[in-house]
Amino acid sequence: MPVYTAPVKDTLFLLNNVLKLDSYSNLPGFAEATPDMVQAILEQAASFTEEVVQPINQAGDEHGCTRHEDGSVTTPPGFKEAYDQFCEGGWGTLTAPAAYGGQGLPYVLGTAFEEYLISASLAFAMYPGLTHGAVAAIEVVGSEEQKQKYLPNMISGKWCGTMNLTEPHCGTDLGLIRTKAEPQADGTYKITGTKIFISAGEHDLAENIVHLVLAKMPASPDNVKGISLFIVPKFLVNEDGTLGERNAVSCGSIEKKMGIHGNSTCVLNYDGATGWLIGEKEKGLAAMFIMMNAARLGVGLQGLALSEVAYQNAAVYARERIQGRALTGPANPDAKADPIIVHPDVRRMLMDIRAFNEGARALALWAGLLVDLTSKAATEEDRQQADDLIGLLTPVIKGYFTDKGFENAVLAQQVFGGHGYIREHGMEQFVRDARIAQIYEGANGVQAMDLVGRKLARNGGRALQAFNKLIQEEIASAKGNEELKPLAESLERSLGHLQAATMWLMQNAMANPNNAGAAAYAYMHLAGLVSLGLMWLKISKASLEAIAAGNGDERYYRNKLVAARYFVDRHLPDTASLRRKVEAGAETVMALAAEDF
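Residues numbered from 1 in each chain as written. Predicted model: local features only at pLDDT ≥ 70, side-chain atom pairs only at ≥ 80, totals over all residues. Heavy atoms only, no water.

A. Molecular detail of the side chain of R361. With respect to the element layout, R361 can be found in helix α8 (residues 344-376). The exposure class of R361 is buried, given its relative accessible area of 2%. At a separation of 2.8 Å, a polar atom in the side chain of R361 contacts the side chain of E115. Every residue in contact with R361, bar those within four places of it in the chain, is listed here: P7, D10, T11, L14, E115, L304 and E308. (Helix = DSSP H or I, 4+ residues; strand = E, 2+ residues; numbered from the N terminus. Buried < 20%, exposed > 50% of the residue type's maximum accessible area, 1.4 Å probe, protein only. Polar contact = N/O pair within 3.5 Å; in protein donor to acceptor, adjacent residues only side chain to side chain. Contact = heavy atoms within 4.5 Å.)

B. Up close: the environment of R347. Topologically, R347 is positioned in helix α8. Of the residues examined, R347 reaches a relative accessible area of 48% and is grouped as partly exposed. Residues R347 and M37, spaced 310 residues apart in sequence, show a C-alpha to C-alpha distance of 37 Å. With residues up to four places along the chain from it excluded, the contact list for R347 reads I341 and V342. A polar contact of 2.7 Å, which involves the side chain of R347, links it to the backbone oxygen of I341.

C. Focus on the pairing of strand β4 (residues 180-183). Bridging between β4 and strand β5 (residues 189-199) involves four bridges; their strand directions are antiparallel. Paired with K180 across the strands is T192, a residue of β5. From the end of β4 to the start of β5, which pair antiparallel, there are five residues, and G187 there has a positive phi angle of about 95°. (Pairing = 2+ DSSP bridges.)

D. Structural context of the packing of aromatic side chains. Using the criterion set out here, one finds 16 aromatic pairs in the structure. For the ring pair F79 and Y127, a centre distance of 6.4 Å and an interplane angle of 85° mean the geometry is edge-to-face. Linking F79 in helix α3 (residues 79-88) with Y127 in helix α5 (residues 122-141), this pair joins segments that are 48 residues apart in sequence. Under the relative-accessibility criterion, F79 is labelled buried at 0%. Assessed through its relative accessible area of 0%, Y127 is described here as buried. Plain terms: the ring middles of Y317 and F416 are 4.1 Å apart, the flat faces sit at 15° to each other, and that makes the pair stacked. Note that Y317 is positioned in helix α7 (residues 284-320) and F416 in the loop between α9 (380-415) and α10 (427-436), a separation of 99 residues in sequence. A residue is classified by how much of its surface remains accessible, and Y317, at 12% relative accessible area, is buried. Residue classification places F416 among the buried residues on the basis of a relative accessible area of 6%. Taken together, F48, Y83, F86, W91 and F113 form an aromatic cluster joined through their ring pairs. Here the guanidinium or amino end of R246 rests over the ring plane of F235, the centre of that ring lying 5.6 Å away. When the ring centre of F406 is taken as origin, the NZ or CZ atom of R435, which lies over that ring, is 5.6 Å away. (Phe/Tyr/Trp six-rings, centres within 6.5 Å; stacked < 30°, edge-to-face > 60°. Lys NZ or Arg CZ within 6 Å of the ring centre and 35° of its normal.)

E. Spotlight on the layout of surface pockets. Quantified by volume, the second largest pocket comes out at close to 950 Å³. Lining the second largest pocket are 29 residues, and of these Y311, R319, R354, E358 and N559 lie nearest its centre. Elements with a minimum of two residues in the lining of the second largest pocket: α1 (8-18), α7, α8 and α15 (554-570). Element by element, the count of residues in the lining of the second largest pocket is highest for α8, at nine residues. Considering only residue class, the lining of the second largest pocket consists of 13 nonpolar, four polar and twelve charged. (1 Å grid on protein atoms, 1.4 Å probe; cavity = no way out; pocket = protein on both sides within 12 Å on 5 of 7 lines; lining within 4 Å. Points joined across faces, edges and corners; volume = space filled by probe spheres on them. Nonpolar A, V, L, I, M, F, W, Y, C, P; charged D, E, K, R; others polar.)

F. Geometry of the pairing of strand β9 (residues 243-246). Pairing geometry for strand β8 (residues 235-237) and β9, over two bridges, is antiparallel. Bridging across to β9, F235 finds its partner in R246. In this antiparallel pair of consecutive strands, β8 and β9, the connection spans five residues, and G241 shows a positive phi of 90°.

Take a look at the structure:
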């Protein structure tokens, strides 16, 4: 039976020592997020995710969701009860705006909670996760009437939300969608079409599901410029806020998929369903991207969260499993064999995962803080810089984190040997669940092209310049400390590889766009490594400061320094090879004719 312990201590160290959350107490929402309050919330989050959600994860995978003859869907045993406790605990309200029933706490705190929830059960976490994205879209582009009508119940968890993009014939290329929105005399629209791969599309957790649906009006251009966004609730909402009749949207089937069996991934059929335009006509794609960007950060967290829970189980197993002898002689001479954690190759796998997890958690929380600062920073300049940085980092976090999350789940499974392939230990579920995160909300190749094709050049490269400057300042500050100097110098070399790769793209991508396409994936991973290098330098600095101040558990901080050196020695050198891949260009990638594949 798999285990999970929420990394509260690590989260608090990052929030308090690395990100210095209390330095933002003058900003809206941060004053309430005192260190004591944050610790209390995270400890309660740990109890909820460990004791309520994690125990239903494996059974949810084995049982899955059930579609009934009438099109209704039942979630796995325990999911409804856990969701009720989620709502009773107010977890959906944590960072939501106070004007609609939320607590208005910083987004970065919600990021920490979301990691715990996903580690406990990705399939369960997706239900409130999709609602969170729908809330974000309605809050930004919805009318005040729509906000008042939908947001309070969605934020409380009484109602859930989804986003409906994909259709059987189109995924990434949304200009091909065929779902139609016919205008009616009363200002509503009749929505007709089929959407597929709709996560949490139909279920028994909440009394209503508010679908946000991309569709085209009859006179609109038949391309991406003709897409509008519509609110289409499962049950129509009366003027007094009560639920009315069932709308003409139904679950045609549940997808039979590789993982996340506990989440109802549905084919949804819209048969003249009543919908309302949200935002401006033919601006639906921009409105949907509010959801997509929030979702991409959330999916990046899925990579980290599954890597974390897989690591925890692999570490326990490595300490307990007796097999072979240490290369340097028996570590446990009174037994017939030693625990496998004595073997360097097992430690390599565990350290690879750990070095990613702790650095990625820091980057994810920094990204959450940047989301806060885009609207709450004291000056327009600071708000702009935060917006630039989070725009640059979003495809990196989504793509790099989920690639590493899947890779690390496989590594953790490998630690178990043959037992990792057996269902009862739970490792194969982590592998299957982690795989989808590389695909949905924009496949990782799309994320790489978004980074290289859009984010680097936006505003004359302003975001990348700000990112480079931050790293250079951190390096310069660290070089004066003898313990930090080797880390700083290694990060400086890796930043040089990133800058050289960027320059190569500037010189070669315009002449041949395939050069950008061929280089994008390697470039995304190069940016991911440099980003984690920055985080490890910050973590190391904060650890040394804590040791010097005598702040508690010195062993904990020393272990941070060991993990930092491991990352610098074993992972940052990969930036050199990734740069070479970027500079290899598109010639051999594009050389073969299509029929030769």
